[in-house]
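What follows is the residue order along each chain.
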Amino acid sequence: MDSARRRGHEADRTLRILVGLIVVLALAACAIALTSAPRPAGHSVRDFATIATLTSMVAVATLVKARIRIRSTTHSITWNETAILIGAAVAPLSWVVLSTAAGVAVAFAILRLSAIKTAFSVGKNTLVAAGAGLTLVTLQGRWDSGGPLALLGPVAAAYLVATVLDEVLAIPVIALASGTRIRQQFRANWDLRAVGFVVRFVVTVCTLLILRAEPRLLLAVPPLVLSLHLAYSTRIRTRTEQQAWQRLARTTDALNVVDLDQVLTTAVTQAAELFSADEVEIELRDGRRTVRGGTGGIAYDGEAPEASRVAGTVVPVALEGHDHLVDLGVLRLRFAGPVELSERERYTLRTFASALCTAVRNAQAYAELARIAEEHAYAATHDALTGLSNRRHLLDEGTEQLTNRHADGVTALVLIDLNHFKEVNDTLGHGAGDRVLMQVADRLRAATRPGDLVARLGGDEFAVLLRGLPAPAIAAHRAESLLGALHEPLDLDGMRISVEASGGIAVAPASGGMPELLRRADVAMYQAKRAGQRISTYAPTRDTADLGRLTLGGELPRAVADHEFTVTFQPIVDLASGAAIGAEALARWHHPTHGVIDPLRFLEAVERSGLLPAFAEAILDQALIAAGTWRTAGFDLPVSVNVSPRSLLDPRFPGAVLARLRAHDLPPDRLVLELTETLTLSQLDVVDQVLGRLRDSGVRLALDDFGTGYSSLSLLSRIPVHELKIDRSFVTAMETTTEAAAVIRSTLDLGRSLDLTVVAEGVENEPQRRALWELGCAAGQGHLFARPLPAGALLAALQRGAGGRPGILAPPLHDTGAVIRLPGRRTGGRSRTVGSPSAGQTADEPRRR
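Read on for an overview of the structure. Just so we're clear, the structure is a prediction, and the values are computed from it rather than from any experiment.

Focus on the overall build of the protein
- The helix and strand tally for the protein stands at 27 helices and 24 strands.
- Counting over 849 residues, the protein shows a buried share of 48%.
- Pairs at least 24 residues apart make up 71% of the contacts formed inside the protein by residues separated by at least 6 positions.
- In the structure as shown, the protein presents an accessible area of about 40400 Å², 58% of it carried by carbon and sulfur atoms.

Here's the deal with the sheet that holds strand β4 (residues 289–294)
- The strand order β5-β4-β3-β7-β6 describes an open sheet built from 5 strands, whose pairing is antiparallel. Because the sheet does not close on itself, it has two edges, and the strands there are β5 (297–302) and β6 (313–320). Adjacent strand axes in the sheet meet at a mean angle of 15° when their direction is disregarded.
- Of the pairings in the sheet, the one linking β4 to β5 comprises 5 bridges and is antiparallel in character. Its bridge partner being in β5, Val291 is matched across the sheet by Asp301.
- Its contacts with the sheet place helix α11 (residues 343–381) against β3 (279–284), β6 and β7 (327–335), and it is angled at close to 50° to β6.

A few points about the sheet that holds strand β14 (residues 535–537)
- The sheet built from 5 strands is open, its strands ordered β9-β10-β8-β13-β14 with mixed pairing. Either end of the sheet is taken by a strand with one partner, and the two such strands are β9 (453–458) and β14. Taken pair by pair, the neighbouring strands of this sheet meet at an average axis angle of 20°, ignoring direction.
- With 3 bridges connecting them, strand β13 (residues 500–507) and β14 associate as parallel partners. From the neighbouring strand, Ile505 faces β14, where its bridge partner is Thr537.

Digging into the nonpolar core
- The biggest cluster of nonpolar side chains holds 75 residues, and the ones touching the most others in it are Phe569, Trp630, Leu671, Val721 and Leu772.
- A total of 9 residues in this core trace back to one element, the largest contributor, which is helix α20 (residues 612–632).
- In this structure, Leu260, Leu264, Leu328 and Cys357 belong to the second largest nonpolar core, which totals 34 residues.

Things to note about the packing of helix α12 (residues 391–404) against helix α16 (residues 513–531)
- Here α12 crosses α16 at 115°, and the two axes come no closer than 8 Å. Along this stretch, α12 crosses α16, giving a crossing that reads as right-handed. Together, Arg391, Leu394, Leu395, Gly398, Thr399 and Leu402 of α12 and Gly513, Met514, Pro515 and Leu518 of α16 make up the contact between the two elements.
- Broken down by class, the residue content of the contact of α12 with α16 amounts to 6 nonpolar, 3 polar and 1 charged.

A short note on the side chain of Thr313
- In this fold, Thr313 is placed in strand β6.
- When residues no more than four places from it in sequence are discounted, the contact partners of Thr313 are Leu333, Arg334, Phe335, Gly337, Pro338 and Val339.

A few points about unusual backbone geometry
- Within the chain, His563 stands out as a residue other than glycine whose phi angle is a positive 55°.
- Positionally, His563 belongs in the loop between α18 (556–561) and β15 (565–574).
- His563 sits in the exposed class, given a relative accessible area of 66%.
- Not every positive phi belongs to a glycine, and Asp755 is a case in point at roughly 60°.
- Along the chain, Asp755 turns up in the loop between α25 (738–753) and β22 (757–760).
- Owing to a relative accessible area of 30%, Asp755 belongs among the partly exposed residues under this scheme.

With respect to the pattern of salt bridges
- Across all of its chains, the model carries 30 salt bridges by this definition.
- For Glu368, the salt bridge identified is with Arg371, shortest N-O distance 2.4 Å. Of the two residues, Glu368 and Arg371 are both situated in helix α11; the distance of 3 residues between them amounts to about one turn of the helix.
- When the shortest N-O distance is used, the salt bridge between Glu516 and Arg519 registers 2.8 Å. Here Arg519 and Glu516 lie together in helix α16, a separation of 3 residues that amounts to about one turn. Each member of the pair, Glu516 as well as Arg519, is classed as buried.

Here we look at the packing of aromatic side chains
- The tally for this structure, following the rule as stated, stands at 3 aromatic pairs.
- Taking the centre distance of 5.1 Å and the plane angle of 40° together, the rings of Phe565 and Trp589 count as tilted. On the criterion of sequence distance, the pair formed by Phe565 in strand β15 and Trp589 in strand β16 (residues 580–591) is long-range, its members being 24 residues apart. The same class applies to Phe565 and to Trp589, which are both buried.

Notes on the pairing of strand β19 (residues 671–676)
- By the criterion of burial, β19 is predominantly enclosed, with 6 of the 6 residues buried.
- Here 5 bridges tie β19 to strand β20 (residues 700–706), and the two strands are oriented parallel to one another. When the bridges of β20 are listed, Leu675 appears paired with Leu703.

A look at the side chain of Thr386
- Relative to the helices and strands, Thr386 is located in the loop between α11 and α12.
- For Thr386, the side chain forms a polar contact with the side chain of Asp383, separated by 2.7 Å.
- Once residues within four sequence positions are removed from consideration, Thr386 is found in contact with Leu437, Met438, Ala441, Arg445 and Arg456.

Observations regarding the pairing of β5
- By the criterion of burial, β5 is predominantly enclosed, with 5 of the 6 residues buried.
- Hairpin connection from β4 to β5: 2 residues lie between these consecutive antiparallel strands.

Concerning helix α10 (residues 260–274)
- If you check α10, its first and last C-alpha atoms are 20 Å apart, about what 15 residues at 1.5 Å a residue would give, namely 21 Å.
- Listed in full, the buried residues belonging to α10 are Leu260, Val263, Leu264, Thr266, Ala267, Val268, Thr269, Ala271, Ala272 and Leu274.

Here we look at the packing of α20 against helix α27 (residues 791–800)
- For the pair α20 and α27, interaxial distance at closest approach is 10 Å and the crossing angle is 25°. Of the possible angle classes, the one that applies to α20 and α27 is roughly parallel. At the point where α20 passes α27, the crossing takes the right-handed sense. On α27, the residues touching Ala626, Thr629 and Trp630 of α20 are Ala791, Leu794 and Leu795.
- Looking at the contact of α20 with α27 residue by residue, the class counts come to 5 nonpolar, 1 polar and no charged.

Rules used in this analysis
- Residues numbered from 1 in each chain as written.
- Predicted model: local features only at pLDDT ≥ 70, side-chain atom pairs only at ≥ 80, totals over all residues.
- Heavy atoms only, no water.
- Helix = DSSP H or I, 4+ residues; strand = E, 2+ residues; numbered from the N terminus.
- Buried < 20%, exposed > 50% of the residue type's maximum accessible area, 1.4 Å probe, protein only.
- Contact = heavy atoms within 4.5 Å.
- Areas by Shrake-Rupley, 256 points an atom, 1.4 Å probe, with all protein chains shown as cover.
- Pairing = 2+ DSSP bridges.
- Axes fitted to C-alpha atoms, helices over the stretch in contact; angles between N-to-C directions.
- Core = buried A, V, L, I, M, F, W, Y, C linked by side-chain atoms within 4.5 Å.
- Left-handed = near helix turned anticlockwise from the far one by under 90°.
- Nonpolar A, V, L, I, M, F, W, Y, C, P; charged D, E, K, R; others polar.
- Salt bridge = Lys/Arg side-chain N within 4 Å of Asp/Glu carboxyl O.
- Phe/Tyr/Trp six-rings, centres within 6.5 Å; stacked < 30°, edge-to-face > 60°.
- Polar contact = N/O pair within 3.5 Å; in protein donor to acceptor, adjacent residues only side chain to side chain.
- Expected span 1.5 Å × (residues − 1).
- Parallel < 35°, antiparallel > 145°, perpendicular 65-115°, else oblique.

Treat this as a map of the structure, not an account of what it does.
As structure tokens, this is what we get:
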């Protein structure tokens, strides 16, 4: 708006400078004419009459004009060139220049026009007279000398100079005064102007020829000139009206938009051009809004209108429809000077105001519909109580993020559930509960970062979509900060209420989309609640509802029937001698489509299905067949099989195991059943009965992944195991952390104290083997000795042996006969290793080593 005013001031300043330059040049031409004018001699009366006639002729030619209004200025097409050319042909150049200046000045004095218009017209016509007269004098064109053809050339050249000077001097001034481009003014009505030039030139030549032939015929010239003038004026008026109606049609079409701002901007700029107004103002009563501007754009848009800087004529018109029942406001045209609209312009103005009224009503109606639609869309995607996004919006935004914005970083979801929120509702009422939810929403919103999405899924459950994370691990830190924001007590009607919450974190999965991400976060949240933790991260191994596992679960009956479950074996080795002392059975599913499937993907589905006994029997049979084959070949190795906690809940399980041992003619102590630490194992009496019967029958028991479960020591006090297995995570970390080494050392001390065999899992290299042996661990398994092998391949490896010694899978740590001192051993306990059965993978829960 300020730039529009600034451009207007610059245009006015340029206009004054240009008019001043023209006036100065005209004064110079008049001064030269005064100094060079011939003095009247004997025919002084006749000379003065000639000067008076020239002056009168120019004045009349100026008064007889075709008018065109541009803004508050009325521009005229006159016969000045004709009068000037006739005067230049019959009188001295200096007289023509002075008479032109005097005649135009007299005409403008009669019309009582403004000083700047008078000065410009006098200056422009004076320069035109000087240029045309000088051309005629230079070419020696006189009306009373030579033939008609000799007169035609100089007059044509002089008239061309006059026309060019008039255009060059007038059009830039008109363009500056009207705020239009000079090129546009040159092109406007060029055909009418060209016709006018030709007509006036013909009149000029005819008048001069009449003066030569018979001066009395001059009496016919005025009627002819008047007829031509009227015809030309009518043509100009018709063309102007035609263009006005075309501009009105284009303007009303431009108003056919639904954006109110665009409607008002178009109306202001187009009305300024359509009616040649210096300023257009639209005042809307309902919206208490006033918009003001011109062809250059909007200069003001606000509620309380400033005083207009255009002082002069104001033409108002009401913004009302054809029925005159709706009055939206008023449209005002402002002109810098006195202006009176013609009947055609007044009708055009009323038509334009009616079209503008319709356009404003349509735009307002559309805006109201858009507002209602936006409210409905917001209500459909946001929670009414807290203003947070709802489940639908969360799913839509999450889907968009996962589908189209992979490059933005990691996407994660934090699901937050308020603990004991029902007590707030029951004790303080639902109103208090609602206020608690609103405060929780505010805190979560404040704790998030730009780009994160906070949603209320319903009740006391909230979700936060974390977008653009640099790494998955950052999600846990962000989740901690979110729950930390709820740690401070809430202020509720003067009471301080503490709100506890549980949270679940899930990182975007490779498949399944946003619903799967939400499901995983929900699984993690309930894992946190069950474990009594504040927050938990989704772990696939604890998710029994994984979609992939659900699909595989449907194929379990076919897999059992078609014997797709196979077993591989990893040997357990004496760390000192390298001799094999046992083997662990590892179950695999050879799927016809997916290939070999790890047990972590299907064991949960097996446990939940009714196929667990059949699956366990199939794995146990394969393990016992392999042990019998090795025994027949001279390698009497116990085989370890992992047992599912669900199997231990079945009182018939011990009988089924002993039946399989008898069927394969194996002693019970050649079978080791590995147990996974769970809370269930330490609390149910039926488990004690099942394990007691197995132990009394001679089956050996091992506690797998010791130290990583719920209650290791309490388990040892209830379950009569023979072996402990050190989890591979401690073996991997023992070289870098003292804590891991301390756990291994304490486990070995416990094993010696309770007379239990201790086996280390995950032995990958010789330094680990030696370090474990020096700590007092005598048995281990891992890739250092052998990867899981089919039963036949393991038998071949045993027969081949390391260094050609059967049964030896690794070189011994020391030479035969060497005396070795074990710094890690203590007295008071005995660790049984060599020859003892190893831990193993069950028929129900095989595990990778």
